[in-house]
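Chain residues, written in single-letter form:
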Amino acid sequence: MNALVISTSSFDIDNNPPLQQLLQQGMHIITNPHRRKLTEDEIIELLSGGAIGLIAGIEPLTERVLESTRNLKVISRCGAGLDSVDLAAAKHHGITVLNTPEAPAQAVAELTLGYILTLLRQINPIDQAVRKGEWPRTQGRLLAAQTVGIIGMGHIGRRVARLCQAFEATVIAHDPYANQVPEDVTLMPLEQLLVTADIITLHLPYAPDTHHLLDTKAFAAMKPEAIVINAARGGLVDENALAAALQTGKLSAAALDVFEQEPYHGPLIECGNIILTSHVGSLARESRQRMEIEAAENLLQGLIKTGLIK
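Presented here is an overview of the structure given in this document. These numbers come from a predicted model, not from an experiment. (Residues numbered from 1 in each chain as written. Predicted model: local features only at pLDDT ≥ 70, side-chain atom pairs only at ≥ 80, totals over all residues. Heavy atoms only, no water.)

### Quick look at the layout of surface pockets
Next up, step 1: In this model, the second largest pocket occupies a volume close to 520 Å³.
Next up, step 2: Lining the second largest pocket are 21 residues, and of these K37, I58, D83, S84 and E260 sit closest to its centre.
Next up, step 3: Tallied by class, the residues present in the lining of the second largest pocket amount to seven nonpolar, seven polar and seven charged. (1 Å grid on protein atoms, 1.4 Å probe; cavity = no way out; pocket = protein on both sides within 12 Å on 5 of 7 lines; lining within 4 Å. Points joined across faces, edges and corners; volume = space filled by probe spheres on them. Nonpolar A, V, L, I, M, F, W, Y, C, P; charged D, E, K, R; others polar.)

### A closer look at helix 7 (residues 155–166)
Three or four residues apart is the spacing at which side chains of an α-helix point the same way, because the helix has 3.6 residues per turn.
Next up, step 1: For helix 7, built from 12 residues, the straight-helix expectation of 16 Å at 1.5 Å per residue is met to within 8% by its first-to-last C-alpha distance of 17 Å.
Next up, step 2: Buried within helix 7 are the following residues: I156, G157, R158, R159, V160, A161 and C164.
Next up, step 3: Tucked into the core, helix 7 has its buried residues touching helix 5 (105–120), strand 6 (147–151), strand 7 (170–174) and strand 9 (199–202).
Next up, step 4: With its phi angle positive at about 70°, E168 sits one or two positions after the end of helix 7. (Helix = DSSP H or I, 4+ residues; strand = E, 2+ residues; numbered from the N terminus. Expected span 1.5 Å × (residues − 1). Buried < 20%, exposed > 50% of the residue type's maximum accessible area, 1.4 Å probe, protein only. Contact = heavy atoms within 4.5 Å.)

### Looking at the nonpolar core
Burial of nonpolar side chains together is a common tendency in soluble globular proteins.
Next up, step 1: If you look at the biggest cluster of nonpolar residues, it comprises 32 residues, and the most contacted ones within it are L214, F219, M222, L242, L251 and L268.
Next up, step 2: For this core, the elements supplying multiple residues, two or more each, are helix 8 (190–196), strand 9, helix 9 (216–221), helix 10 (239–247) and strand 11 (253–256).
Next up, step 3: The element best represented in this core is helix 10, accounting for five residues.
Next up, step 4: Not counting chain neighbours up to four residues away, the residues in contact with L268 comprise E239, L242, A243, L246, L256, I274 and L276. (Core = buried A, V, L, I, M, F, W, Y, C linked by side-chain atoms within 4.5 Å.)

### What to know about the sheet that holds strand 12 (residues 274–276)
To summarise the sheet geometry, strands pair through backbone hydrogen bonds and adopt either a parallel or an antiparallel arrangement.
Next up, step 1: In spatial order, the strands read 8-7-6-9-10-11-12; together these seven strands make up an open sheet with parallel pairing. The open sheet has two free edges, formed respectively by strand 8 (186–187) and strand 12, since each of these has just one partner strand.
Next up, step 2: Both strand 10 (residues 227–230) and strand 11 contribute to a ladder of four bridges, which runs parallel. Within the sheet, the bridge partner assigned to I229 lies in strand 11 and is A255.
Next up, step 3: Against the sheet, helix 7 touches strand 6, strand 7 and strand 9, its axis set at about 170° to strand 6. (Pairing = 2+ DSSP bridges. Axes fitted to C-alpha atoms, helices over the stretch in contact; angles between N-to-C directions.)

### Some remarks on the packing of helix 1 (residues 17–24) against helix 11 (residues 285–306)
Next up, step 1: Packing of helix 1 against helix 11 leaves a shortest axis separation of 7 Å and a crossing angle of 40°. With respect to their mutual orientation, helix 1 and helix 11 come out oblique. Across the interface between the two elements, P17, P18, L19, Q21 and L22 of helix 1 pack against I293, A296, E297, L299, L300 and L303 of helix 11.
Next up, step 2: Looking at the contact of helix 1 with helix 11 residue by residue, the class counts come to nine nonpolar, one polar and one charged. (Parallel < 35°, antiparallel > 145°, perpendicular 65-115°, else oblique.)

### Some points on the pattern of salt bridges
Next up, step 1: This structure, assessed with the given rule, holds 11 salt bridges.
Next up, step 2: Put simply, R290 and E294 hold a salt bridge, and the shortest N to O gap is 2.8 Å. Here R290 and its partner E294 are both found in helix 11, four residues apart, which amounts to about one turn of the helix.
Next up, step 3: Accessibility expressed as a relative area gives 40% for R290, which makes it partly exposed.
Next up, step 4: Linked through salt bridges whose partners overlap, the residues forming this network are E40, D41 and R64. (Salt bridge = Lys/Arg side-chain N within 4 Å of Asp/Glu carboxyl O.)

### Examining the packing of aromatic side chains
Next up, step 1: All chains considered together, the criterion is met by one aromatic pair.
Next up, step 2: A ring pair is formed by F259 and Y264, whose centres lie 4.7 Å apart and whose planes are at 20°; its orientation type is stacked.
Next up, step 3: Taking the relative accessible area as the measure of exposure, F259 reaches 8% and is therefore buried.
Next up, step 4: Here Y264 falls in the buried class, since its relative accessible area comes to 13%. (Phe/Tyr/Trp six-rings, centres within 6.5 Å; stacked < 30°, edge-to-face > 60°.)

### Topic: the pairing of strand 2 (residues 28–31)
Next up, step 1: Pairing between strand 1 (residues 3–6) and strand 2: four bridges, direction parallel. Looking at strand 2, one finds that L4 is bridged to I29.
Next up, step 2: Traced from strand 1 through helix 1 to strand 2, the parallel crossover comes out right-handed. (Right-handed = clockwise from strand over helix to strand, strands pointing away.)

### Considerations on unusual backbone geometry
Next up, step 1: Omega for the bond connecting E262 with P263 falls within 30 degrees of zero, at 0°, which places this linkage in the cis form.
Next up, step 2: Within the fold, P263 resides in the loop between strand 11 and strand 12.
Next up, step 3: Phi at D184 takes a positive value of approximately 70°, unusual for a residue other than glycine.
Next up, step 4: Its location among the elements puts D184 in the loop between strand 7 and strand 8.
Next up, step 5: With a phi close to 50°, H212 is a non-glycine residue in the positive phi region.
Next up, step 6: Residue placement: H212 occurs in the loop between strand 9 and helix 9.

### Remarks on the side chain of D238
Next up, step 1: Mapped onto the elements of the fold, D238 is located in the loop between strand 10 and helix 10.
Next up, step 2: Among buried charged residues, D238 stands out as having no salt bridge; its nearest opposite-charge side chain is K217, 13 Å away.
Next up, step 3: With near-sequence residues (within four places) excluded, D238 lies in contact with H212, L214, D215 and F219. (Lys, Arg positive; Asp, Glu negative; His and termini not counted.)

Rendered as structure tokens:
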């Protein structure tokens, strides 16, 4: 009854004051031995020691997982998204669910900007050519001349908008739930955004109604030189349809940091006009530190509220 589980693939316990406070109260911390995203069976095994608190990564916290643990009282997501947690099941089992929506926002926004600039100026293929002894004079494109379409105007989407505006790009957006957007950002229906934007970047949660939001039909509606970016959640993009669009030249380029199955081993690996990264959006040192401390503080406060600790 004094165990806490940290399921993220890495976590700096030593430099985390709230966790140190929990340790001083006699809590025992169980970490992820696999150092990757856990399966249902693996997280069930980690929680089986009677854990009362969980600092969660992106493993599936399903009804089966939550039903299997009788002592768990608080889930603190180390990150913004809650789509990996069955919130209805958590409520049914009396488990409080918390997250850190603000902490990773700048890191993901800056990674998105890095993708955009790298793809527009074709930095990766030029680098590879120079290493082969070539000296290409490749002509890229200016961000200032592009229309950036942002799908999802939450903490991250708003930051991406401001960064792109700093480069003098035109920014349009789609978000039926948006209650505030940065100045000079034009909200519009998704169908209009798809045909208008030169760059389309996703910053929304995954849900059944957003599964394969960008599919063959969506890619067909885009401009011939469009760029697609997903640093949000796997499942928002139909990866096979994206591979086909890149291979046929329907899209000029793409960048993905998230995938339906991770690690990723699909057909996009064969596409030369895509950047593939290993779900590193929040892994900037400063953001990661803040996110881990906030997640631990959320866990501490959640456990205090349950009366399990003081």
